[in-house]
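Letter by letter, the chains look like this.
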Amino acid sequence: MQHLLAKAEDLSTSRLAQADRQDAHVLHLLPQIGEARSTGEVIALLHEIVIALGAEAGVFLSCLRDDATRSSMRSLWACDPAWAADYASHRWFECDPWLRRASEDAEPFRSSDLKIKTSEDQAFIESAAARGFASALIAPAPSLVGQSRVGVLYLGSQTVAILEGARFSHVRVLARALAMELHHWVMKAMREELLQGSNLTEADLNLLSHEAAGHSSKVIGSALNLEAKTIDCRFQRLNAKLGVPDRRTAVRIARLYGLL
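None of these values were measured; they are calculated from a predicted model.

Conventions we followed
Residues numbered from 1 in each chain as written. Predicted model: local features only at pLDDT ≥ 70, side-chain atom pairs only at ≥ 80, totals over all residues. Heavy atoms only, no water. Helix = DSSP H or I, 4+ residues; strand = E, 2+ residues; numbered from the N terminus. Buried < 20%, exposed > 50% of the residue type's maximum accessible area, 1.4 Å probe, protein only. Expected span 1.5 Å × (residues − 1). Arc of directions from axis to C-beta. Axes fitted to C-alpha atoms, helices over the stretch in contact; angles between N-to-C directions. Parallel < 35°, antiparallel > 145°, perpendicular 65-115°, else oblique. Contact = heavy atoms within 4.5 Å. Nonpolar A, V, L, I, M, F, W, Y, C, P; charged D, E, K, R; others polar. Salt bridge = Lys/Arg side-chain N within 4 Å of Asp/Glu carboxyl O. Core = buried A, V, L, I, M, F, W, Y, C linked by side-chain atoms within 4.5 Å. 1 Å grid on protein atoms, 1.4 Å probe; cavity = no way out; pocket = protein on both sides within 12 Å on 5 of 7 lines; lining within 4 Å. Points joined across faces, edges and corners; volume = space filled by probe spheres on them. pLDDT = per-residue confidence, 0-100.

**Student:** Help me understand unusual backbone geometry, please; the structure alone is not making it clear to me.
**Tutor:** Negative phi is the rule for most residues except glycine; trans is the rule for most peptide bonds. A positive phi is found at Arg91, a non-glycine position, where the angle reads about 55°. Structurally, the position occupied by Arg91 is in the loop between helix H3 (81–89) and helix H4 (97–104). Here Arg91 falls in the partly exposed class, since its relative accessible area comes to 43%. Positioned with a positive phi, Asn225 is a non-glycine residue whose angle comes to about 60°. For Asn225, the location among the structural elements is in the loop between helix H8 (217–224) and helix H9 (228–242). Classification of Asn225 as exposed rests on a relative accessible area of 71%.

**Student:** What exactly am I supposed to notice about H9 here?
**Tutor:** An α-helical segment advances 3.6 residues per turn. Residues three or four places apart therefore align on the same side. Across its 15 residues, H9 extends 21 Å between first and last C-alpha, which sits within 8% of the 21 Å expected from 1.5 Å per residue. Along H9, the residues classified as buried are Ile231, Phe235, Leu238, Asn239 and Leu242. Taken end-on, H9 shows its buried residues confined to a sector of 100°, consistent with a single buried face. Of the exposed residues in H9, the ones pointing more than 90 degrees away from its buried face are Lys229, Gln236, Arg237 and Ala240. Downstream of H9 by a residue or two, Gly243 has a phi angle that is positive, lying close to 70°.

**Student:** Could you clarify how one ought to interpret helix H2 (residues 39–52) in this entry?
**Tutor:** With 14 residues, H2 should reach 20 Å at 1.5 Å per residue; the first-to-last C-alpha distance of 20 Å fits that figure. Those residues of H2 not exposed but buried are Val42, Leu45, Leu46, Ile49, Val50 and Ala52. Buried residues of H2, seen end-on, are gathered within an arc of 160° and therefore sit on one face of the element. Just past H2, the residue Gly54 takes up positive phi, approximately 90°.

**Student:** Please clarify how the packing of H4 against helix H5 (residues 119–130) should be interpreted in this entry.
**Tutor:** Any two packed helices are characterised by the angle at which their axes cross and by the distance between the axes. Their axes nearest at 9 Å, the elements H4 and H5 cross at an angle of 110°. Taken as axis vectors, H4 and H5 run roughly perpendicular relative to one another. On H5, the residues touching Pro97, Trp98 and Arg100 of H4 are Asp121, Phe124, Ile125 and Ala128. Classifying every residue of the contact of H4 with H5 by side-chain character gives 5 nonpolar, no polar and 2 charged.

**Student:** Before we go on, may I ask you to explain the packing of helix H7 (residues 202–212) against helix H10 (residues 247–256) in this structure?
**Tutor:** Two numbers describe how H7 lies on H10: the axes approach to 10 Å, and their chain directions differ by 105°. In terms of axis orientation, H7 runs roughly perpendicular to H10. Of the residues in H10, those in contact with Leu208, Glu211 and Ala212 of H7 are Arg247, Arg248, Ala250, Val251, Ala254 and Arg255.

**Student:** So what exactly am I meant to see when it comes to the pattern of salt bridges here?
**Tutor:** A complete count under the given rule lists 13 salt bridges for this structure. As a salt-bridge pair, Arg74 and Glu193 come within 2.7 Å of each other at their nearest N and O atoms. Separated by 119 residues along the polypeptide, Arg74 in strand S2 (residues 70–78) and Glu193 in helix H6 (residues 168–198) bring together distant segments of the chain. Judged by its relative accessible area of 42%, Glu193 is partly exposed. Among the ionic pairs, Lys229 bridges to Glu227, the shortest N-O distance being 3.8 Å. Since its relative accessible area comes to 49%, Glu227 is described here as partly exposed. Linked through salt bridges whose partners overlap, the residues forming this network are Asp80, Asp86 and Arg131.

**Student:** Looking at this model, I keep getting lost on the nonpolar core. Mind explaining?
**Tutor:** As a rule of thumb, nonpolar side chains are buried together in soluble globular proteins. Grouped together as the largest cluster of nonpolar side chains are 51 residues, with contacts concentrated most on Leu153, Leu178 and Leu182. The element best represented in this core is H6, accounting for 12 residues. Those residues in contact with Leu178 that lie beyond four places of it in its chain are Leu30, Ile33, Leu46, Ile49, Leu53 and Leu153. Within the second largest apolar cluster, 22 residues are counted, among which are Trp77, Tyr87, Ala102 and Tyr154.

**Student:** Got a minute to help me understand the layout of surface pockets in this structure?
**Tutor:** To find leftover empty space, one rolls a probe the size of a water molecule over the atoms. In this structure, the largest pocket encloses a volume near 150 Å³. For the lining of the largest pocket, the element with the most residues is H6, which contributes 6 residues. The residue inventory of the lining of the largest pocket, partitioned by class, reads 3 nonpolar, 4 polar and 3 charged.

**Student:** What's the story with the confidence of the model for the protein in this structure? I'm lost.
**Tutor:** Residue-level pLDDT values for the protein average 87, and 87% of them are 70 or greater. Highest mean pLDDT in the protein belongs to H2 (96); lowest belongs to helix H1 (residues 2–35) (69). Overall, residues 4–12 carries pLDDT values under 50, and its contacts beyond four positions in sequence, including any with other chains, amount to 0 contacts.

This is the structure in structure tokens:
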């Protein structure tokens, strides 16, 4: 009996040591996400971290919504490629219950915590389970602009409850950090794309900062030693670059993309 107890203790100690090594590996990899130069590099890091966390599949979604005029969904898939195809073909992003919960609550949660409300919710859960997410941990990545910009990380396993045992409280902390790092990288990439695509200049960004502060054209002109009508003309050109109808909308877009 003593021999069996000693063996059990050795096994438990070994598992704890392995978990500590995996956690240390995750902490080593997390800062590398911000330094990644391509989507491929980020996905490779995501996959490595997913495995280290004890999961088998990972997905990160970043959703940007600006009323009905502009929306964008970016995704990183470290899982069965068929799940990405299913997600797009079924337009799950329109009724994804995990994404919906992540838009309303910043706390990480388990898929088993979510109450199924509709047949669409049930269909999504079944589709996810068939593609590597029989058990899932969902970690939201909130932003300063609320529901207009939301990120969410899905960690999944085909082994039911592998992410829902005693280790959940520990993994959720690392999952939250991973979600925030991925969200930051995606938004940085989107910000750079907007800057390059619109050809915004430092002078344009300066105008937007004045508008965000509530300054009138007269006040801005006084600060820049220009006439108010010149400021209005500059805003017209700036609005055209962003494809928006007015300067107020331009400021909202700038905030959503992290330009201000």
